[in-house]
Amino acid sequence: MINYSVYMLPNPIDIDAAPKAYARAQVKEVMSFRSFVQHIADHGGHNRGKVKGVLSDTCECLVEMLLEGKKVQLDELGNFWLSLTCNGAENCQKFTAANITGVNIVFTPGEDFQNLIGRAEFNPVPSRAAQVATLKAEKAGEGTVDLDAAKGKTPASANENTITNSSEPAGVDNSSL
């Protein structure tokens, strides 16, 4: 089941447009590499060490092939290749490798990962900020939760537009989720 919260987000292209509601998936748990390896081993009846070795070698070889300029097709998993982030130059003659500022891995899903919507079930849940505020209030023995405060809204902005939330609330770290 995919947990999601709904947020009001502004249109980054049309700043005058009214915000619209969008869903954000919430990660239930971060699965470690070790746990993932064990899961694969349990499914296939394989030795965990062999699975770990194959996956580690796969990652190392994938990076090697990408750096050689190859597009790697991994059947049902999908395709991997590189794209570049660059600073533009006035013309082609003035463009050098120094203009390249980043190397990005592009992934396009294979057959097993396309059409996940047909297999997914969705479950609406409170935002992470609301969950944190509720737990904090519960532990403190409080009977109410100030959601506007939890979401970093001032009383004036909360009255002005009670549903606008353009980003994750302050103090909520989503980098590992």
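What you see is a predicted model, and the numbers here were worked out from it, not measured in a lab. (Residues numbered from 1 in each chain as written. Predicted model: local features only at pLDDT ≥ 70, side-chain atom pairs only at ≥ 80, totals over all residues. Heavy atoms only, no water.)

Peer 1: An account of the overall build of the protein chain is needed here, citing residue identities and associated values.
Peer 2: Tallying secondary structure elements over the protein chain gives five helices and six strands in all. In the protein chain, of all internal contacts separated by at least 6 residues, the share reaching a separation of at least 24 is 41%. Approximately 13,300 Å² of the protein chain is accessible, and the part contributed by carbon and sulfur atoms is 55%. (Helix = DSSP H or I, 4+ residues; strand = E, 2+ residues; numbered from the N terminus. Contact = heavy atoms within 4.5 Å. Areas by Shrake-Rupley, 256 points an atom, 1.4 Å probe, with all protein chains shown as cover.)

Peer 1: Explain the pairing of strand β1 (residues 2-9) residue by residue, including any values.
Peer 2: When β1 meets strand β6 (residues 122-124), the two strands line up parallel, connected through three bridges. Considered in β6, the bridge of Asn3 is made with Asn123. Where β1 lies against strand β2 (residues 20-26), seven bridges are found, and the strand directions are antiparallel. Within the sheet, the bridge partner assigned to Leu9 lies in β2 and is Lys20. (Pairing = 2+ DSSP bridges.)

Peer 1: Mind laying out the sheet that holds strand β3 (residues 72-74), listing which residues take part and the relevant values?
Peer 2: As summarised here, the arrangement of the three strands in space is β3-β4-β5, forming an open sheet in which the pairing is antiparallel. Where the open sheet ends on each side, the last strands, each with one partner, are β3 and β5 (100-109). In this sheet, neighbouring strand axes are inclined to one another by 30 degrees on average, regardless of whether the strands run parallel or antiparallel. Bridge count for strand β4 (residues 78-86) against β5 is nine bridges, and the pairing is antiparallel. (Axes fitted to C-alpha atoms, helices over the stretch in contact; angles between N-to-C directions.)

Peer 1: Provide a residue-level description of a nonpolar patch on the surface, including the pertinent values.
Peer 2: A surface patch of nonpolar side chains, about 330 Å² in accessible area, is lined by Leu77, Phe107, Phe113 and Leu116. Looking at where Leu77 falls in the secondary structure, it is placed in the loop between β3 and β4. According to the relative accessible area criterion, Leu77 is partly exposed, its value standing at 35%. (Patch = residues over 30% accessible without salt bridge, like charges linked within 9 Å, V, L, I, M, F, W, Y side chains within 5 Å. Salt bridge = Lys/Arg side-chain N within 4 Å of Asp/Glu carboxyl O. Buried < 20%, exposed > 50% of the residue type's maximum accessible area, 1.4 Å probe, protein only.)

Peer 1: Let's hear about the confidence of the model for the protein chain: which residues, and what values?
Peer 2: Looking at the protein chain as a whole, its pLDDT mean stands at 82, while 86% of the residues score no less than 70. The element-level mean pLDDT for the protein chain is lowest in helix α5 (residues 155-160), coming to 48, with β5 highest at 94. (pLDDT = per-residue confidence, 0-100.)

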